[in-house]
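# A closer look at the structure
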Amino acid sequence: MQTLVYLPDWLPTLSPVPQHLLVYHVHDMYEVSAPLREPGIPRLAVPPEGTVHFIPHPMDDEVLHPHLTAAQTTGPEFSFILDLQRAGAILLRKGKRPIAQRLILLGLFLEDAADYIATERGYQIGKLMQDYASPRFTARFDEALSSLSFSPVAYLEILGGLLQKLADSGLLESESGGISYVHLISQLFGLDGSKDATAQERTYRDAKRAMEANVENLWPELLPNLLRYVYFCRFYPCSVPGGITHNYWVFVLYYKLFELSLLALSLARRERLKLEDVYALMQHLSRRRDASGGRYTAVIEQYIRAREEDSLALFSALYDWKQ
């Protein structure tokens, strides 16, 4: 038998299907994708130009069911998962805004959506999205950004602390023959204490310019497509228990670990950086996450849980929005 599923538009073209699939049962349908660790998947799932569309398509049950993953939350937000995913896809594709501003928009929207659901107004999430698209909200958002004061030192402190927690749990060993991204990050940004705050900030700014020149300017849709794909294929904002806001910050920290690694790689290689290098990084981080049996995500959850109540501080520390 066949079942109608919702999947990325490139997935039906693959023969055979990838060895590993991510499958979620959503109400009366299924969502299907492939993890980025699979060979060749990053190039299909995260194109440097254009965008991936998610389409309905029939799939054989014998292919589908062995990969079925139970939803990680049965909270009230699960009833609105399709609306929340659709909103995420739209906000992460938001015009010409830089990545940081798109993520801030998504965070604010999800905080509001969580409040709507908690007060039994979840049916109005579509109206909430319309409000976010209005010129009035855009003006308020641009004004609100001025209250955020990004600090490269705070950024490196938070992400460096998370890397240390992952290392203490034995989750950052480099793969045989691969790049030690953690060593590269520590060496370049002085996370081992070898650089003072002024030197760290100078290095961050240099790395940011290198990433803009050799990644974002060359492949402007690459990072937005990565965010949209991970948001879909990892079932955010219902990926882990703990509610919508908690899911948002787990999603953000996964991306920020990728971003920090890409900053280091961009600084080290500059114009020698290739698209395949970026895809290799995506695969590496996906393998580290999936090989841990949930421990990688558990460390991230524990690390962010004590901080997520102060969203303004996290927005300021993690988002270099003046791009």
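The text that follows walks through the structure, step by step, so that each part is easy to find. Everything numeric here is computed off the predicted structure, so don't read it as measured data.

About the cut-offs
Residues numbered from 1 in each chain as written. Predicted model: local features only at pLDDT ≥ 70, side-chain atom pairs only at ≥ 80, totals over all residues. Heavy atoms only, no water. Core = buried A, V, L, I, M, F, W, Y, C linked by side-chain atoms within 4.5 Å. Buried < 20%, exposed > 50% of the residue type's maximum accessible area, 1.4 Å probe, protein only. Helix = DSSP H or I, 4+ residues; strand = E, 2+ residues; numbered from the N terminus. Contact = heavy atoms within 4.5 Å. Salt bridge = Lys/Arg side-chain N within 4 Å of Asp/Glu carboxyl O. Pairing = 2+ DSSP bridges. Arc of directions from axis to C-beta. Phe/Tyr/Trp six-rings, centres within 6.5 Å; stacked < 30°, edge-to-face > 60°. Lys NZ or Arg CZ within 6 Å of the ring centre and 35° of its normal. 1 Å grid on protein atoms, 1.4 Å probe; cavity = no way out; pocket = protein on both sides within 12 Å on 5 of 7 lines; lining within 4 Å. Points joined across faces, edges and corners; volume = space filled by probe spheres on them. Axes fitted to C-alpha atoms, helices over the stretch in contact; angles between N-to-C directions. Parallel < 35°, antiparallel > 145°, perpendicular 65-115°, else oblique. Left-handed = near helix turned anticlockwise from the far one by under 90°. Nonpolar A, V, L, I, M, F, W, Y, C, P; charged D, E, K, R; others polar.

## Overview of the nonpolar core
Among the nonpolar cores identified, the biggest contains 114 residues, and Phe109, Phe189, Phe251 and Phe258 are the most heavily contacted of them. Top element by residues in this core is helix α11 (residues 244-269). It accounts for 17 residues. When residues no more than four places from it in sequence are discounted, the contact partners of phenylalanine 189 are Leu156, Lys195, Gln200, Thr203, Tyr204, Ala207, Leu260, Leu263 and Ala264.

## Quick word on the pattern of salt bridges
Applying the stated rule across the entire model yields 12 salt bridges. Between aspartate 83 and arginine 86 there is a salt bridge; the shortest N-O distance is 3.1 Å. Note that aspartate 83 and arginine 86 are positioned in helix α3 (residues 81-91) at a spacing of three residues, about one turn of the helix. For arginine 86, a relative accessible area of 49% puts it in the partly exposed group.

## Some words on the pairing of strand β2 (residues 22-26)
Most of β2 sits inside the fold, with four of its five residues counted as buried. Here β2 hands over to strand β3 (residues 29-33) after two residues, with histidine 27 in that stretch at a positive phi of 55 degrees. Inspection of the sheet shows β2 paired to strand β5 (residues 68-69) by two bridges, in the parallel sense. Bridge pairing links tyrosine 24 to threonine 69 in β5.

## Structural notes on helix α6 (residues 135-145)
If you check which residues of α6 are buried, you get Phe137, Phe141 and Leu145. Projection of α6 onto a plane perpendicular to its axis shows the buried side chains occupying an angular sector of 75 degrees, all on one side. Pointing more than 90 degrees away from the buried face of α6 are the exposed residues Pro135, Arg136, Arg140 and Glu143. Among the structural elements, α4 (99-118) and α5 (125-132) are those in contact with the buried residues of α6.

## Details of the packing of aromatic side chains
Enumeration according to the criterion identifies 20 aromatic pairs in this entry. Between phenylalanine 150 and tyrosine 155 the ring centres are 5.8 Å apart and the planes differ by 65 degrees, which places this aromatic pair in the edge-to-face class. Judged on exposure class, the residue phenylalanine 150 and its partner tyrosine 155 are both buried. Cluster of aromatic residues (ring-pair linked, three or more members): Phe109, Tyr132, Phe137 and Phe141. For arginine 307, the ring lying beneath its charged end belongs to tyrosine 303, and the centroid distance is 4.0 Å.

## Some details on the sheet that holds strand β1 (residues 2-8)
Ordered in space as β4-β1-β3-β2-β5, the five strands form an open sheet in which the pairing is mixed. Whereas interior strands pair on both sides, the edge strands pair on one side only; in this sheet they are β4 (54-60) and β5.

## Digging into empty space enclosed by the protein
The final tally for this structure, using the stated rule, is two cavities of 30 Å³ or more. Considering the residues around the largest cavity, the lining is formed by 15 residues, among which Leu36, Val230, Tyr254, Leu285 and Arg289 are closest to the centre. Counting residues per element, the ones that place at least two in the lining of the largest cavity are α10 (222-233), α11 and α12 (275-290). Ranked by residue count, the leading element in the lining of the largest cavity is α11, at five residues.

## So, unusual backbone geometry
The omega torsion across serine 15 and proline 16 is 0 degrees, close enough to zero to call that bond cis. At the junction of tyrosine 236 and proline 237, the peptide bond is cis and its omega measures out at 5 degrees in the coordinates. Tracing the chain through its elements places proline 237 in the loop between α10 and α11. In this structure, phenylalanine 235 is a non-glycine residue whose phi angle is positive, near 65 degrees. Mapped onto the elements, phenylalanine 235 comes out in the loop between α10 and α11. We classify phenylalanine 235 as buried; its relative accessible area is 0%.

## Quick word on helix α14 (residues 311-318)
By the criterion of burial, α14 is predominantly enclosed, with six of the eight residues buried. Where the residues of α14 are buried, they touch α4, α7 (152-168), α11 and α13 (295-305).

## Examining the packing of α4 against α10
Packing of α4 against α10 leaves a shortest axis separation of 10 Å and a crossing angle of 30 degrees. By the criterion of interaxial angle, the relationship of α4 to α10 is roughly parallel. Read as a crossing pair, α4 and α10 show a hand that is right-handed. Where α4 abuts α10, its residues Ile99, Arg102, Leu103, Leu106 and Leu110 lie against Leu223, Pro224, Leu227 and Tyr231. Taken together, the residues of the contact of α4 with α10 break down into eight nonpolar, no polar and one charged.

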